[in-house]
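Breakdown of the fold
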Amino acid sequence: MTCTLCGTNTGTAYLCQWDTASLAKRLAELPILYAEMAECLVPRRTGWGDIIATHGAAGPSSPLNEDALDQLSSGHAAAVVHSWRVDVQRERWPQHAAPPPGGLAADSRWLAMEVDWIAAHYKAAGELAREIRALEAQARALVGDPVPKRKLIGQCIAVVGDEGKVCGADITHAAGESRLKCRTCHTVYEGQTDLLLLLHYQKEPA
Ligand SMILES: [Zn+2]
Ligand SMILES: [Zn+2]
């Protein structure tokens, strides 16, 4: 047999090793990419640019594609990925009930874990890989390629728990964001006061 995508001889598999690996990589990156994209689309407020210098491409370089935005907001990617998960699971474990929508991250992770089985046994593997690639391309067209890098601002100064422990997780900023959010304790730093406090406490030992 040959790889559905590139025509390489694959023995008995539907996808070659290379295309299997890139499918796994895309599935791992897709939720991150869509999360970054949602953040990049937050309108920038004035004032932040003075404090945080943004490097490289600042968000979408071309006028926003309204259709793509609609698809984003309607959870198009999540719906597409979920439908593939349902189908793969039905093929592989026909006795199991269809899984409820798990969200883009959970469904992508599930598919990523099954990628070897998909490549070896799933007839629609090529079509699945193509659709995942299209979702990625659509997101990259909006955000720019590569995705703007997050810049490290410092460490989270929020007090977490009852013992006065400081969170200390890295706080990063991506072009276009109008606020900072700690991904560990979910503290939001918004407005100049918050930001100046955050920057101030970076200088002192925690
Ligand atoms: Zn291939
Ligand atoms: Zn934190």
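Rules of the game
- Residues numbered from 1 in each chain as written.
- Chains lettered and ligands numbered in written order.
- Predicted model: local features only at pLDDT ≥ 70, side-chain atom pairs only at ≥ 80, totals over all residues.
- Helix = DSSP H or I, 4+ residues; strand = E, 2+ residues; numbered from the N terminus.
- Buried ≥ 20, exposed ≤ 12 C-beta atoms within 10 Å, placed from the backbone.
- Contact = placed C-beta atoms within 7 Å.
- Pairing = 2+ DSSP bridges.
- Core = buried A, V, L, I, M, F, W, Y, C linked by C-beta atoms within 7 Å.
- Axes fitted to C-alpha atoms, helices over the stretch in contact; angles between N-to-C directions.
- Left-handed = near helix turned anticlockwise from the far one by under 90°.
- Nonpolar A, V, L, I, M, F, W, Y, C, P; charged D, E, K, R; others polar.
- pLDDT = per-residue confidence, 0-100.
- Arc of directions from axis to C-beta.

1. Some details on the overall build of the protein
Counting its regular elements, the protein contains eight helices and six strands. Each helix (α) and strand (β) of the protein, taken in turn from the N terminus, gives the series α-α-α-α-α-α-α-β-β-β-β-β-β-α. Residues counted as buried form 28% of the 206 residues belonging to the protein. Considering only intrachain contacts with a sequence separation of at least 6, the fraction spanning at least 24 residues in the protein is 63%.

2. Some points on the pairing of strand 4 (residues 170-173)
Judged by which residues are buried, strand 4 turns out to be one-sided: Ile-171 and His-173 face inward and are buried, whereas Asp-170 and Thr-172, on the alternate face, are not. Across four bridges, the pairing between strand 1 (residues 151-155) and strand 4 is antiparallel. Looking across to strand 4, one finds that Leu-152 is bridged to Thr-172.

3. Things to note about the nonpolar core
Grouped together as the largest cluster of nonpolar side chains are 30 residues, with contacts concentrated most on Leu-15, Leu-30 and Ala-125. Elements with a contribution of two residues or more to this core: helix 1 (17-40), helix 4 (76-92), helix 5 (103-113), helix 6 (115-121) and helix 7 (125-143). Per-element tally for this core: the top contributor is helix 7, with seven residues. Other than its neighbours up to four places away in sequence, Ala-125 contacts Thr-4, Tyr-14, Leu-15, Ile-118 and Ala-119. Counting eight residues, the second-largest nonpolar core is a separate cluster that includes Cys-156, Ile-171, Leu-180 and Leu-195.

4. Focus: the packing of helix 4 against helix 5
Where helix 4 meets helix 5, the axes come as close as 9 Å, and the angle between the chain directions of the two elements is 35°. The interaxial crossing formed by helix 4 with helix 5 has left-handed handedness. Seen from helix 4, the contacting residues are Ala-77, Ala-78, Val-81, His-82, Trp-84, Arg-85 and Val-88; seen from helix 5, they are Gly-103, Leu-104, Asp-107, Ser-108, Trp-110 and Leu-111. Among the residues making up the contact of helix 4 with helix 5, the classes are represented as eight nonpolar, three polar and two charged.

5. Points about the environment of Ala-129
Topologically, Ala-129 is positioned in helix 7. C-alpha separation for the pair Ala-129 and Leu-15, spaced 114 residues apart in sequence, amounts to 9.1 Å. When residues no more than four places from it in sequence are discounted, the contact partners of Ala-129 are Leu-5, Leu-15, Asp-19 and Leu-23.

6. Focus: the environment of Ala-139
As for its position among the elements, Ala-139 is in helix 7. Residue classification places Ala-139 among the buried positions, given that 24 C-beta atoms sit within 10 Å. C-alpha of Ala-139 to C-alpha of Leu-33: the two residues are 106 residues apart in sequence and 7.0 Å apart in space. If near-sequence neighbours (up to four positions away) are discounted, Ala-139 is found in contact with Leu-33, Tyr-34 and Met-37.

7. As for unusual backbone geometry
With glycine set apart, most residues show a phi of negative sign, and most peptide bonds adopt trans. In this structure, His-186 takes a positive phi of about 70° despite not being glycine. Summarising the element assignment, His-186 is placed in the loop between strand 5 (179-181) and strand 6 (188-190).

8. Here's the deal with the confidence of the model for the protein
Mean pLDDT over the protein stands at 80; residues scoring 70 or higher make up 76%. Mean pLDDT across the elements of the protein ranges from a minimum in helix 2 (residues 48-51), with 40, to a maximum in helix 6, with 97.

9. Describing helix 5
The set of residues buried in helix 5 consists of Leu-104, Asp-107, Ser-108 and Leu-111. The arc that holds every buried residue of helix 5, seen down its axis, measures 100°, which confines them to one face.

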